[in-house]
Amino acid sequence: MSPVIEEHARARLITDGPLTRPVPVDLRYDPADERRTVHIGLPDGTDWAFGRDLLERGLRTPIERGAVRVWPCGRTQLIVELHSTDGVEVFQFEIRTLMRFLARTRAQTPAAAADADREPRPPSRTTRTPRSEPPSRTPRSDRSAGQEGAPSRPAAEDARPALG
């Protein structure tokens, strides 16, 4: 059994205001998960899970799947936009950080010809215990993050490329 790959990283939270702020995030990948799922854990205890291919494709071209949008921003940045009923969160990552993480995930995952035929996992959002409290031993349930009722953020809308 391969070990779970975890990497602590920094992203910049993009807001409507003129300033962005750095936030710590946890990137996680379990090679035993046949669905090839990447998790992005946020400081507030929210965990976003979606197919690794979404990040890989987003490094090259804008892509959207469900409540997650990913696109390159220049040559060194990647934008990840997460929609939920609570609103929209937009994060800017250093591409080299994500490329290093994705390279580690590929090194731990055996190549499979069936990957091309695999149905991509729909994005999901869960809330976990905040970092300041000890982790809970109770199983967590995934709840899908829908776009209905999510307020739009004008600054993010201006920066987002047209997906089509």
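Below is a short write-up of the structure. Quick caveat, the model's predicted, so the values are computed rather than measured.

Scoring rules and cut-offs
Residues numbered from 1 in each chain as written. Predicted model: local features only at pLDDT ≥ 70, side-chain atom pairs only at ≥ 80, totals over all residues. Heavy atoms only, no water. Helix = DSSP H or I, 4+ residues; strand = E, 2+ residues; numbered from the N terminus. Buried < 20%, exposed > 50% of the residue type's maximum accessible area, 1.4 Å probe, protein only. Contact = heavy atoms within 4.5 Å. Salt bridge = Lys/Arg side-chain N within 4 Å of Asp/Glu carboxyl O. Expected span 1.5 Å × (residues − 1). Arc of directions from axis to C-beta. Polar contact = N/O pair within 3.5 Å; in protein donor to acceptor, adjacent residues only side chain to side chain. Pairing = 2+ DSSP bridges.

## Description of the overall build of the protein
Then comes step 1: Helix and strand counts for the protein stand at 3 helices and 10 strands.
Then comes step 2: Starting at the N terminus and walking to the C terminus, you meet the elements of the protein as β-β-β-β-α-β-β-β-β-α-β-β-α.
Then comes step 3: The buried share of the protein, reckoned over its 164 residues, is 42%.
Then comes step 4: The contacts in the protein between residues at least 6 apart in sequence include a share of 50% that link residues at least 24 apart.

## Section: the environment of Q92
Then comes step 1: Here Q92 shows up in strand 8 (residues 87–94).
Then comes step 2: Q92 sits 20 residues away from P72 along the chain, and the two C-alpha atoms are 9.5 Å apart.
Then comes step 3: In this view, Q92 contacts A11, R12, I14, C73, Q77, L78 and I79; residues no more than four positions away in its chain are not counted.

## A short note on the pattern of salt bridges
Then comes step 1: Tallying each qualifying case throughout the model produces 9 salt bridges.
Then comes step 2: R28 is paired through a salt bridge with D47; the nearest N and O atoms lie 3.7 Å apart. Pair noted here: R28 is in strand 2 (residues 21–29) and D47 is in strand 4 (residues 46–51), with a separation of 19 residues, a long-range link.
Then comes step 3: Taken together, the shared-partner salt bridges in this structure form one network comprising E7, R100 and R104.

## Overview of helix 2 (residues 95–108)
Then comes step 1: In a regular helix each residue adds 1.5 Å, so 14 residues correspond to 20 Å; helix 2 covers 20 Å between its end C-alpha atoms and thus fits that length.
Then comes step 2: Taken together, the buried positions of helix 2 are I95, T97, L98, F101, L102 and T105. For helix 2, the angular spread of buried residues about the axis comes to 160°, placing them on one side. Exposed side of helix 2, more than 90 degrees from the buried face: R96 and A107 are the residues found there.
Then comes step 3: Check the buried side of helix 2 and you find it contacts strand 1 (5–14), strand 2, strand 3 (37–41), helix 1 (52–58), strand 7 (77–84) and strand 8.

## Some words on unusual backbone geometry
Then comes step 1: Positive phi outside glycine occurs at R36, with the angle close to 55°.
Then comes step 2: One can find R36 in the loop between strand 2 and strand 3.

## Things to note about the side chain of T105
Then comes step 1: Looking at where T105 falls in the secondary structure, it is placed in helix 2.
Then comes step 2: Separated by 3.3 Å, the side chains of T105 and R52 make a polar contact.
Then comes step 3: In this structure, T105 is in contact with I5, Y29 and R52, ignoring residues within four places of it in sequence.

## Things to note about the environment of L102
Then comes step 1: Among the structural elements, L102 can be located in helix 2.
Then comes step 2: The spatial distance from the C-alpha of L102 to the C-alpha of Y29 is 9.0 Å, given a sequence separation of 73 residues.
Then comes step 3: Ignoring anything within four residues of it in the chain, the contact list for L102 reads R52, L55, E56 and L59.

## Section: the side chain of E7
Then comes step 1: On the secondary structure map, E7 appears in strand 1.
Then comes step 2: A polar contact is formed between the side chain of E7 and the side chain of R104, at a distance of 3.2 Å.
Then comes step 3: What E7 contacts, discounting residues up to four positions off in sequence, is V25, D26, L27, T97, R100, F101 and R104.

## Some points on the pairing of strand 6 (residues 68–73)
Then comes step 1: When strand 5 (residues 63–65) meets strand 6, the two strands line up antiparallel, connected through 3 bridges. Within the sheet, the bridge partner assigned to R65 lies in strand 6 and is V68.
Then comes step 2: Adjacent in sequence and paired antiparallel, strand 5 and strand 6 are bridged by 2 residues, among which G66 carries a positive phi angle near 60°.
Then comes step 3: As consecutive antiparallel partners, strand 6 and strand 7 are separated by 3 residues, and within that stretch G74 has a phi angle of approximately 75°, a positive value.

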